[in-house]
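The primary structure of each chain is shown beneath.
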Amino acid sequence: MERPILKPPGSPVEQLDTPALVVDLDAMERNVERVHSFFRDRPAKLRPAVHAHKTPAIAHRQLAVEGAAEGVAVVSLSEAEAFAQAGVGDILVTTQIVGASKVSRACALARSIRLTLVADDADAVRALSAGASGAGVVIDALVDVQTHPDRAGLQPADAPVLARVVNAAPGLRFAGVFTAGGPLSEGYTAALRARDEQAVGALVEARRAVETAGLPVRVASYGNSTHDYDVPGAAEGITEVRGGAYALLDANHAPHCPGLEPAAMVLATVNGKPEPGRAVTDCGQKAIGRDAGQPVVLGKGGLTAAANSAEHGLIDAPDGADLDLAAGDQVWLLPFDVSTAFSLHDVVYAVRAGIVEAVWRVGARGAFA
């Protein structure tokens, strides 16, 4: 676990001990306003997928901006517990809950918040029903529909069968349908939009099939949508769109999101310059994560974050040119995946105009179970 030397609000950002995870408040607020404004006058609303940052203080800021849904989405029950403890009262868990221990925890959580769960398996529904009815709680449930071959869920035509099972289950309240779209790794922006248009159509098809079977659908929730939130957001029949990285952006989403700007970065310090075209920083794998891809060096045109070890990173100049960095200089790195970066830090520094305005706990860090 990271154990930072905390700098108090009012400190200049340059005085932070590095590597430090930093959020530019002005940039984050512009991103949130831009995306939420799209949803203000539409039937669909934006449900923040807060596993992207795991930080309750950011979630509350997102929910306070008009255009947001009433609550957030998380990927695990322990994330839901962390955000509920921080005062979020409406939470959707986007992973099916199975096992006696987790069912018991879900039922306990449902006593204090509005909890929505997803399901694609009748046995899981029956186990959840037994737990909820025994605990005297009611949990909303969405039928998980598969709209991408690498995702969970039922085929759209099969959604009514499980919807009937949920609707008849004591302790559960059938709420509607749910899906997660495909990953960003599959193509260029235009290709992703075309793919997602088909996925949205499949979810709407599932909704219609359930309604034709005689069950009302209150919720049709589409996720994985930072890169083209307008596609599901403008589709008739979609009630909420789940987006995670839109508030902060990262190097993975940036090529597909020209209207958004980097707001979450890691500040690193140059430890040395072993050769003219290469610098070594204090930001390694443990501070930024490089599993999915390399970070981007900001504000230093042409420089490349070339490689890393656990504790150190490398920055290379193009074509062997002399690198204009020296020991003690600071550099800003944009994580490739913002969710991974937040998983590696206990705190994030909220900065405005170069001054620390707040120090926020990454409250759901490590909340995997």
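Scroll up to find the structure this text is about.
What you see is a predicted model; the values in this text were computed from it and never measured.

## Here's the deal with the packing of aromatic side chains
Each aromatic ring pair is described using two quantities: the centre-to-centre distance and the angle formed by the ring planes. Inspection of every chain in the model, using the stated rule, returns three aromatic pairs. With centroids separated by 5.6 Å and ring planes inclined at 75°, the aromatic side chains of Phe38 and Tyr229 adopt a geometry described as edge-to-face. Here Tyr229 lies in the loop between β8 (219–223) and α8 (230–233) and Phe38 lies in helix α1 (residues 25–39), a separation of 191 residues in the sequence. Grouping residues by exposure puts Phe38 and Tyr229 together as buried. Aromatic ring contacts, followed pair by pair, group Phe38, Phe39 and Tyr229 into a single cluster. The ring of Phe38 carries Arg42 above its face, with NZ or CZ at 3.9 Å from the centroid.

## Describing the pattern of salt bridges
For the structure on display, the rule yields 21 salt bridges. Of the charged contacts in the structure, one is a salt bridge between Arg352 and Asp26, with a shortest N-O distance of 2.6 Å. With Arg352 in strand β16 (residues 347–352) and Asp26 in helix α1, this residue pair connects regions lying 326 residues apart in the sequence. Between Glu81 and Arg105 there is a salt bridge, with the nearest N and O atoms lying 2.9 Å from each other. Placement of the pair is Glu81 in helix α3 (residues 77–85) and Arg105 in helix α4 (residues 100–109), with a sequence separation of 24 residues.

## A word on helix α2 (residues 56–63)
Among the residues of α2, those classed as buried are Pro56, Ile58, Ala59 and Gln62. Viewed along the axis of α2, the buried residues span an arc of 155°, placing them on a single side of the element.

## Some thoughts on the nonpolar core
By size, the foremost hydrophobic cluster in this structure holds 101 residues, and its most contacted members are Met28, Ile91, Leu115, Ile139, Ile238, Leu248 and Phe342. With seven residues, α1 is the single largest residue contributor to this core. Not counting residues within four places of it along the chain, the set of residues in contact with Ile139 comprises Ala106, Cys107, Ala110, Leu115, Leu117, Leu128, Ala132, Gly171, Leu172 and Arg173.

## Quick word on the sheet that holds strand β9 (residues 240–243)
Judged by pairing direction, the sheet is parallel, and its eight strands sit side by side in the order β2-β9-β8-β7-β6-β5-β4-β3 without closing on themselves. Either end of the sheet is taken by a strand with one partner, and the two such strands are β2 (45–48) and β3 (72–74). For this sheet, the mean inter-axis angle between neighbouring strands, taken without regard to orientation, is 30°. Taken together, the six bridges between strand β6 (residues 139–144) and strand β7 (residues 172–180) define a ladder with parallel strand orientation. Directly across from Val143, in β7, lies its bridge partner Val177. Strands in contact with helix α7 (residues 189–212) are β7 and β8; relative to β8, the strand with the most contacts, it is inclined by about 160°.

Scoring rules and cut-offs
Residues numbered from 1 in each chain as written. Predicted model: local features only at pLDDT ≥ 70, side-chain atom pairs only at ≥ 80, totals over all residues. Heavy atoms only, no water. Phe/Tyr/Trp six-rings, centres within 6.5 Å; stacked < 30°, edge-to-face > 60°. Helix = DSSP H or I, 4+ residues; strand = E, 2+ residues; numbered from the N terminus. Buried < 20%, exposed > 50% of the residue type's maximum accessible area, 1.4 Å probe, protein only. Lys NZ or Arg CZ within 6 Å of the ring centre and 35° of its normal. Salt bridge = Lys/Arg side-chain N within 4 Å of Asp/Glu carboxyl O. Arc of directions from axis to C-beta. Core = buried A, V, L, I, M, F, W, Y, C linked by side-chain atoms within 4.5 Å. Contact = heavy atoms within 4.5 Å. Pairing = 2+ DSSP bridges. Axes fitted to C-alpha atoms, helices over the stretch in contact; angles between N-to-C directions.

Everything listed here is a matter of geometry and, on its own, says nothing about what the molecule does.
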